[in-house]
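# Structural overview
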There are 2 protein chains.
Amino acid sequence: MTELSLGEFEFDCGESVPDLTVAYEEYGEFTGDNAVLVCHALTGSQHVAGRRRRGDTAGQAAAWWDDIVGPGKAIDTNEYYVVCANVPGSCYGSSGPPSEAPDGEPWGTRFPAVTVGDWTRAQRRLLDELGVPNLHAVVGGSVGGMNALDWAKQHPDGVERVVAVATGARLDAQCLALEAIARRAITTDPDWDGGDYYPGDGPVQGLALARQVGHVMYLSKSSMEKKFGRRSAGMDAARDAFELDPAAGFFPYREVESYLDYNGERFAERFDANSYLYLTRAMDSYDLAGGYDSDADALAAFDGEALVLSFTGDWHFTVEQGEALAEAVREGAGRVAHHVVESDHGHDAFLVEPESVGPPLDDFLADGVRGRAVSDTVEEADTGDDFAPVHTSLFSR
Amino acid sequence: MTELSLGEFEFDCGESVPDLTVAYEEYGEFTGDNAVLVCHALTGSQHVAGRRRRGDTAGQAAAWWDDIVGPGKAIDTNEYYVVCANVPGSCYGSSGPPSEAPDGEPWGTRFPAVTVGDWTRAQRRLLDELGVPNLHAVVGGSVGGMNALDWAKQHPDGVERVVAVATGARLDAQCLALEAIARRAITTDPDWDGGDYYPGDGPVQGLALARQVGHVMYLSKSSMEKKFGRRSAGMDAARDAFELDPAAGFFPYREVESYLDYNGERFAERFDANSYLYLTRAMDSYDLAGGYDSDADALAAFDGEALVLSFTGDWHFTVEQGEALAEAVREGAGRVAHHVVESDHGHDAFLVEPESVGPPLDDFLADGVRGRAVSDTVEEADTGDDFAPVHTSLFSR
């Protein structure tokens, strides 16, 4: 594991830790102007790409964007110096609830509350340590996209290009509700024990439930119908993870339930429950407009280029939220393209459709909003005026 | 409480109880041809309307359709003899897990698994006892709508008109997933104790979580945004239902979370956790086409009239599912109108929009699909041929 100690770090909440550790991965060679910061999603890790190694982050957290990041890929590590850091509060090597506090015990819930803004500041300090003064681009999906947007807000002159994938300026009420349910599943599990469960397994059942709620958010209604339908998981499917009542035996154990049970349990093995509480709160509380009058005001100082990538089947972060983001950039000094991908894969599309995500991302990193594979919801008038704001978008119809 | 003992009852699962009790309410006078059976939704009760009395079912289960059922209302009890029965497996007086078994102890999970088909057969036997040979209409919403459809399937000659509100022929994968999560929340709560928690409070936390998942299903994304947005519940809002970690204090307690917590806890006070397991399984497993080649085959023998009422903001049972139902009736001997209500209230619309539900329901009960306030997705050609199947529906565009 590659990690750096950044010394004392004060969080937005006002509390500090004496020595913040940030675990990170780097790919490619830094040439002075080719740095690309990739921001991971809620339960992702710094291991954005590359071979899985023993002792690495497990499951979906490992090499989570290997189809996108690597030699000759959309984020080409022959060309770019790519850095990805595990966010503070997480559990893959950066300081967070399960990491060791100065007293030698796990921080647990003594760890300060974290925000997306804290992540941005920690990343900035990590890049200082790595000798990277400015970023060619920052790229992130889901809450990682919020993190990328936060860069344009906090360091408008420190980043040339921002790619916000499957994200929005803030969560809506429906997603806030599901996140609250997920956290309640954890905190009402007696094995959570007020967060003081180390070195035990902790609230395995509550964390699995939380993840199951997440999985429903990450898929679309129609993709679930296609993927699972009402099919039974088969006679020999074992429901052995927890006790059931005899009446359950009269009904089929369906593929969708089997999928949720399997993934819920695998997730509980790889992730820390307190980290899940901390990171979902950071996502929930993120508001791009925070400290400003509007999203546009928050991004007004950003005069680089932005690519907003959204997916038609995504209800966690909708195409409408993507368009609102693009509108906010349009009002300011920056240039933006809102590239909408027709997809049935729900929120997961940004992870599972590299063929849709790769080309616009690749071309945007090279040529900005003028990139060949980059489309926009706003059609430009063919008047010779390159930036005529014609706004005949698919949203103004 | 009004209840009848129906004697031995064999359930679809093959198990029997020696004496099935059905709790029911009746409104109006039976005149021989004016009986209307109302089927309640998942956690509803027989108390469809009327004054709330001490000792009655609590909360949302009491007088749950009082705006629709009563003297001079859409289901006019001056005109119709209305019967509503608590379904077997529930907890409002009919036999179910919390009721007393022959050994004097609560049935608990020894109670046989129940299906929607069992509900229909129990209702038929109740009506026999009440001296009602045929129904003018059966009306139900949500899983109660499945129950109403099941009447058209099991007793095509025993009911003239069927009103299926906010329902479908079967649940889709997304809803099956959320139901499975809800049940897992109950069964992984240690207080569930294998279902053997009587006379204790049982898995209060798990049942509250299950209900919270339900509430998200019952609302629409946009109605949640309007109702709650990201607003804080206020400085003095108490989060006292369960322990939290200190970091939670840095973030607002939002209205949407307060709503979920309040309703989750009230529900856990009024409903039985085992009943929740049993009734959600009955809903999940219901498939109108079960035993037939298709939904249309299942309804082929029904030559009465059907009203399918669906709501544009409902994602629990979608307008598309309503249309598929209507298509199934159209293929058979019955006549059908699919009345689509423009609504932002999600699945709850059928409960909270009496102004939308009442008029078509009222006119359909009186005049069938020709009722003045009844609309259909299929436009009739103005050819003088009353039943030309022109199928220029909003779905064939």
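This one's a predicted model, so the numbers in the text were calculated from it and none came from an experiment. (Residues numbered from 1 in each chain as written. Chains lettered and ligands numbered in written order. Predicted model: local features only at pLDDT ≥ 70, side-chain atom pairs only at ≥ 80, totals over all residues. Heavy atoms only, no water.)

### Digging into the side chain of Asp295(B)
All names here are of chain B.
- Among the secondary structure elements, Asp295 is positioned in helix H8 (residues 295–299).
- Among the residues examined, Asp295 registers a relative accessible area of 13% and is labelled buried.
- Apart from the residues within four sequence positions on either side, Asp295 is in contact with Ala169, Arg170, Asp287, Leu288, Ala289 and Ala328. (Helix = DSSP H or I, 4+ residues; strand = E, 2+ residues; numbered from the N terminus. Buried < 20%, exposed > 50% of the residue type's maximum accessible area, 1.4 Å probe, protein only. Contact = heavy atoms within 4.5 Å.)

### Here's the deal with the domain arrangement of chain A
Residues and elements named next belong to chain A.
- Per the domain assignment, the segments making up chain A are domain 1 (3–171 + 287–393) and domain 2 (175–281).
- Using only C-alpha atoms to locate each centre, domain 1 and domain 2 end up separated by 27 Å.
- At the junction of the two partners, domain 1 supplies 32 residues and domain 2 supplies 28 residues.
- Summing the contributions of domain 1 and of domain 2, the shared interface buries around 2500 Å²; its carbon and sulfur component is 61%.
- When residues of domain 1 are sorted by the area they lose upon contact with domain 2, Leu42, Trp315 and Asp344 head the list and together hold 25% of the total. (Domains from an automatic or database assignment. Buried area = accessible area lost by both parts, 1.4 Å probe.)

### Thoughts on the pairing of strand S8 (residues 81–85) of chain B
All names here are of chain B.
- Counting buried residues in S8 gives five out of five residues, a clear majority hidden from the surface.
- Here S8 shows two buried faces, one formed by Tyr81, Val83 and Ala85 and the other by Val82 and Cys84.
- Across four bridges, strand S4 (residues 21–27) lies against S8 in antiparallel orientation. By the bridge assignment for S8, Glu25 is matched with Cys84.
- With four bridges joining them, strand S5 (residues 35–39) and S8 adopt parallel strand pairing. Residue pairing in the sheet places Val38 in a bridge with Cys84 of S8. (Pairing = 2+ DSSP bridges.)

### A short note on helix H6 (residues 255–270) of chain A
- For H6(A), which comprises 16 residues, the first-to-last C-alpha distance of 23 Å matches the rise-based estimate of 22 Å (1.5 Å per residue) to within 8%.
- Residues Val256(A), Glu257(A), Tyr259(A), Leu260(A), Asp261(A), Asn263(A), Gly264(A), Glu265(A), Phe267(A), Ala268(A) and Arg270(A) constitute the buried set of H6(A).
- Contacts made by the buried residues of H6(A) are with helix H4 (204–218), helix H5 (221–227) and helix H7 (273–285) of chain A together with helix H3 (173–187) of chain B. (Expected span 1.5 Å × (residues − 1).)

### Structural notes on the interface of chain A and chain B
- Counting from both sides, the interface comprises 62 residues of chain A and, opposite them, 62 residues of chain B.
- Contact between chain A and chain B buries roughly 5100 Å² in total, counting both sides, with carbon and sulfur atoms accounting for 66%.
- Considering only the side of chain A, the residues that lose the most area to chain B are Arg184(A), Lys221(A) and Arg230(A), jointly responsible for 16% of the buried surface there.
- For the pair chain A and chain B, the interface holds eight salt bridges.
- Residue Arg281(B) pairs with Asp245(A) through a salt bridge whose shortest N-O separation is 2.7 Å.
- Counting every contact that joins chain A to chain B gives 22 residue pairs in polar contact (both at pLDDT 80 or more).
- Counting only elements with at least two residues in the side of chain A that touches chain B, the list comes to helix H3 (173–187), H4, H5, H6 and H7 of chain A.
- By residue number, the principal contributor to the side of chain A that touches chain B is H3(A), which donates 12 residues. (Salt bridge = Lys/Arg side-chain N within 4 Å of Asp/Glu carboxyl O. Polar contact = N/O pair within 3.5 Å; in protein donor to acceptor, adjacent residues only side chain to side chain.)

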